[in-house]
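Per-entry structural report
Chain by chain, the residues run as shown.
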Amino acid sequence: MLSEKLLLDDETVEAETRTHVKVLIVPFLVGLAIMLIGGYFAGAVGDSGGGTPRLLGLVVLAVLFIWGTLIPFLRWLTWTYTLTNRRLIEQKGILTRSGRVIPLARINDVAYEKGVVDRILGCGTLIIHDASQQSGLHLHDIPRIEEFHRTITRLVLESHAPEARRDEQS
């Protein structure tokens, strides 16, 4: 997921994830419905009018399929969260990539929320507050949320440990 060239010196990847696959249920159903409608439409219209109505209808359905199924899938595939031993990296975008990087030493609070469906599926929302002026980062539908939460909490505590040792020595 994260390219090796984006890692800093002595930085290692601790965890990589993307949102839970549940976000693809609706696009899958949309794609299935479009394919069923396309099959019915192609059979019902047949070769009437030299095949032009069928061709136009299938082009419209293909555009709807791309918009309702393919683009959501590509958005899910390219939206990743990478946790290293030094920072949390969010990357997203199909054609234009954007992202946010939060150094672990700047994170003040790590929390998570799980609704009823999330509890059944084992996912949840991770909420991270850092020392910046930006609002907290909400990572929605993270699979195995408890494991990810424990890992990031451990790394945040380790990143704050040198500060705690300096304060004790003063």
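Just so we're clear, the structure is a prediction, and the values are computed from it rather than from any experiment. In every chain, residue numbers begin from 1 and rise along the written sequence. Only residues with pLDDT of 70 or above have their local features reported here, since the model is predicted, and side-chain atom pairs are shown and tallied only from 80 upward, although totals for entire chains, interfaces and linings are computed over all residues. Only hydrogens and water are removed before side-chain values are computed, so all heavy atoms of the structure are retained for them.

**Side note on the packing of helix α1 (residues 25-45) against helix α2 (residues 52-78)**
To obtain an axis, a line is fitted to C-alpha atoms, over the contacting stretch when the element is a helix, and the angle between two such axes runs from 0 to 180 degrees between their N-to-C directions. Going along the chain from the N terminus, every DSSP run of H or I of four or more residues is numbered as a helix, and every run of E of two or more is numbered as a strand. It is at 9 Å that the axes of α1 and α2 come closest, and there the two elements cross at 175°. With respect to α2, the element α1 is oriented roughly antiparallel. Note on element contacts: α2 touches α1 through Pro53, Arg54, Gly57, Leu58, Leu61, Leu64, Phe65, Gly68, Thr69 and Pro72, opposite Pro27, Val30, Gly31, Ile34, Met35, Ile37, Gly38, Phe41, Ala42 and Val45. Each residue is assigned to one of three groups, with Ala, Val, Leu, Ile, Met, Phe, Trp, Tyr, Cys and Pro labelled nonpolar, Asp, Glu, Lys and Arg labelled charged, and all others, Gly among them, labelled polar. For the contact of α1 with α2, the class distribution of residues is 14 nonpolar, 5 polar and 1 charged. In this scheme, roughly parallel covers angles under 35 degrees and roughly antiparallel covers those over 145, while 65 to 115 is roughly perpendicular and the rest are oblique. Contacts are assigned to residue pairs that have any heavy atoms within 4.5 Å of one another.

**Some thoughts on the sheet that holds strand β6 (residues 123-130)**
Paired through their backbone hydrogen bonds, the strands of a sheet run either parallel or antiparallel. Strand pairing requires that DSSP identify at least two bridges connecting the strands. The antiparallel open sheet is built from 3 strands, whose spatial order is β5-β6-β7. Looking at strand neighbours, the two that pair on one side only are β5 (107-113) and β7 (137-143), the edges of this open sheet. Within this sheet the neighbouring strands show an average axis-to-axis angle of 20°, counted without direction.

**Quick word on the pattern of salt bridges**
For side chains bearing opposite charge, pairing can occur when the charged atoms are close. A pair is scored as a salt bridge if a Lys or Arg side-chain nitrogen falls within 4 Å of a carboxyl oxygen belonging to Asp or Glu. Within the structure shown, the criterion is met by 8 salt bridges. Across the salt bridge formed by Arg87 and Glu11, the nearest N and O atoms sit 2.7 Å from each other. Of the two residues, Arg87 is situated in strand β3 (residues 87-92) and Glu11 in the segment before β1 (13-18); the sequence distance between them amounts to 76 residues. The pair Arg87 / Glu11 is uniform in exposure class, with both members buried. Between Arg154 and Glu14 there is a salt bridge, with the nearest N and O atoms lying 3.7 Å from each other. Of this pair, Arg154 sits in helix α4 (residues 145-169) while Glu14 is found in strand β1, placing the two residues 140 residues apart along the sequence. On the basis of relative accessibility, which here comes to 38%, the residue Arg154 falls in the partly exposed class. Overall, the relative accessible area of 35% leaves Glu14 in the partly exposed class. A single salt-bridge network, built from bridges that share partners, covers Glu14, Arg154 and Glu158. With a 1.4 Å probe rolled over the protein chains alone, any residue whose accessible area is under 20% of its type maximum counts as buried; one over 50% counts as exposed, and the rest are partly exposed.

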